[in-house]
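Listed here are the chains, written in short residue letters.
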Amino acid sequence: AKAAGRNGVRWFEHGMLDDNNDKLSLSAALRQALEHDELSLVFQPQLDLGGGGVVGVEALVRWSSPRLGSVAPDRFIPVAEDGGMIIQLGGWVLRSACAAVVQMQAELGQPLRLAVNVSPRQLRSATWLAEITDAIEASGIEPKQLEVELTEGILIEDHGDVVAVLDALREVGVTIVLDDFGCGYSSLAYLTKFPIDKIKIDRSFVQEITSADTDAAIVDAIIVMAHALGMTVVAEGVETEVQERYLRERGCDEVQGYRYSPGVPAPEVVRVARAWAGV
Ligand code: C2E
Ligand code: CA
Ligand code: CA
Ligand code: CA
């Protein structure tokens, strides 16, 4: 495994970050990246299955390093979490994404919701709530346009603190989305213990809809259960028309995936929205 590390780019692409030295150098490179403007955002459109076309976007961070090439978020987000840079990175994502969505909706002539991914460490940061409200005020978006996507992992940590932060967020008017639902720690109990507005069905289930009966059954159950609890359902990783049709028939509210668009730079979103108007 070590041999692959001779070339830094290959090393990272192959995801062999178990090595501590390597994590350290990636961590140092990421610190630099934050200072030198190496991060950017792409936006993946989200569509309303009821015929509303593109109704929102999910902000996804990208890192293009002069030395390492493009590094995938699945590689550097965990490093940013470990090293604490996630606070700074997450703040940048939030502010930049809010500003970008204001531009996009101006060009589109209709409001767009904005979903941002939030790490456990951000949620636990004392300044995070203030950063959210500051970003909303500075950009002028409505609080209800902003969605924060949390993974189930957050919910198994200090229960009381998390509930307090989520309650405060809700007070502000921000929507709380449970990301990657169905994989990981998934417990139905979380859905009633935490103030969750929306569930995002993990793409592993969506992609098995047509091949495995049990996954289709899980998708059905998630949609029924979420609606019974008054939550909205979005499915990620939708790649085919068959998947879309299935999800629509089952009453899924929204979709995102390569069928419509990958994450694209802000100006591209308008083009995608026009192409998929009324879907
Ligand atoms: P995620 O939140 O589950 O984001 C969805 C991922 O699935 C994205 O990968 C997206 O490009 C990919 N995807 C979208 N549609 C499809 C599809 O139809 N098929 C398939 N096979 N894949 C699809 P990406 O951009 O590489 O992001 C990976 C993860 O990195 C995200 O997973 C999220 O957990 C994390 N991440 C990205 N941006 C941020 C950020 O700003 N902050 C934090 N904390 N995490 C982030
Ligand atoms: Ca997400
Ligand atoms: Ca997800
Ligand atoms: Ca996922």
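Up top is the structure these notes are about.
Residues numbered from 1 in each chain as written. Chains lettered and ligands numbered in written order. Predicted model: local features only at pLDDT ≥ 70, side-chain atom pairs only at ≥ 80, totals over all residues. Heavy atoms only, no water.

**Quick notes on the coordination of the calcium ion (ligand 3)**
- Only Asp179 (OD), Asp180 (OD), Glu236 (OE) and Glu236 (OE) from the protein coordinate the calcium ion (ligand 3), and they sit 2.2 to 2.9 Å from it.
- Each donor residue of the calcium ion (ligand 3) lies on the same chain, and together they follow the pattern D-D-x55-E.
- Separating the calcium ion (ligand 3) and the calcium ion (ligand 2) is a distance of 3.7 Å, and Asp179 donates to both of them. One end of the pair, Asp179, is in strand β6 (residues 175–181); the other, Glu236, is in the loop between β8 (232–235) and α12 (241–249), and 57 residues separate them in sequence.
- On the basis of relative accessible area, Glu236 is assigned to the buried category, the value being 10%. (Donors = N, O, S within 2.8 Å, 3.2 Å for Na, K, Ca; no water. Helix = DSSP H or I, 4+ residues; strand = E, 2+ residues; numbered from the N terminus. Buried < 20%, exposed > 50% of the residue type's maximum accessible area, 1.4 Å probe, protein only.)

**Remarks on the side chain of Asp202**
- Positionally, Asp202 belongs in the loop between β7 (198–201) and α10 (203–206).
- Buried charge without a partner: Asp202 forms no salt bridge, and the closest opposite charge is Arg203, 6.2 Å away.
- For Asp202, the side chain forms a polar contact with the side chain of Ser204, separated by 2.6 Å. (Lys, Arg positive; Asp, Glu negative; His and termini not counted. Salt bridge = Lys/Arg side-chain N within 4 Å of Asp/Glu carboxyl O. Polar contact = N/O pair within 3.5 Å; in protein donor to acceptor, adjacent residues only side chain to side chain.)

**Looking at the nonpolar core**
- Formed by 86 residues in total, the largest nonpolar core has its most connected members in Phe43, Trp63, Leu89, Leu114, Val116, Val148 and Leu247.
- Broken down by element, this core gets its largest block of residues, 10 residues, from helix α4 (residues 86–108).
- Not counting chain neighbours up to four residues away, the residues in contact with Leu89 comprise Leu30, Leu34, Leu39, Phe76, Ile77 and Ala80. (Core = buried A, V, L, I, M, F, W, Y, C linked by side-chain atoms within 4.5 Å. Contact = heavy atoms within 4.5 Å.)

**A short note on the site of ligand 1**
- Around ligand 1, a shell composed of 21 residues is seen, among which Gln44, Arg62, Arg203, Glu239 and Tyr258 lie nearest.
- The contact in question runs from a nitrogen atom of ligand 1 to an N or O atom on the backbone of Val61, over 3.2 Å.
- At 3.1 Å from an oxygen atom of ligand 1 is found a side-chain nitrogen or oxygen belonging to Asn117.
- In isolation ligand 1 exposes 800 Å². Once the protein is present, 85% of that is buried.
- A total of four residues in the shell around ligand 1 trace back to one element, the largest contributor, which is strand β2 (residues 53–65).
- Split by residue class, the shell around ligand 1 holds seven nonpolar, six polar and eight charged. (Near = heavy atom within 4 Å. Areas by Shrake-Rupley, 256 points an atom, 1.4 Å probe, with all protein chains shown as cover. Nonpolar A, V, L, I, M, F, W, Y, C, P; charged D, E, K, R; others polar.)

**Overview of the packing of aromatic side chains**
- The final tally for this structure, using the stated rule, is two aromatic pairs.
- Relative to Phe76, the ring of Trp63 has its centre 5.5 Å away and its plane inclined at 90 degrees; by these criteria the two rings are edge-to-face. Taken together, the positions of Trp63 in strand β2 and Phe76 in helix α3 (residues 73–83) put the pair 13 residues apart, joining distant regions of the chain.
- A relative accessible area of 1% places Trp63 in the buried class.
- Ring geometry for Tyr260 and Trp276: centres 4.9 Å apart, planes at 75 degrees, overall edge-to-face. On the criterion of sequence distance, the pair formed by Tyr260 in the loop between β9 (254–255) and α13 (266–275) and Trp276 in the segment after α13 is long-range, its members being 16 residues apart. (Phe/Tyr/Trp six-rings, centres within 6.5 Å; stacked < 30°, edge-to-face > 60°.)

In short, shape yes, function no, at least from these values alone.
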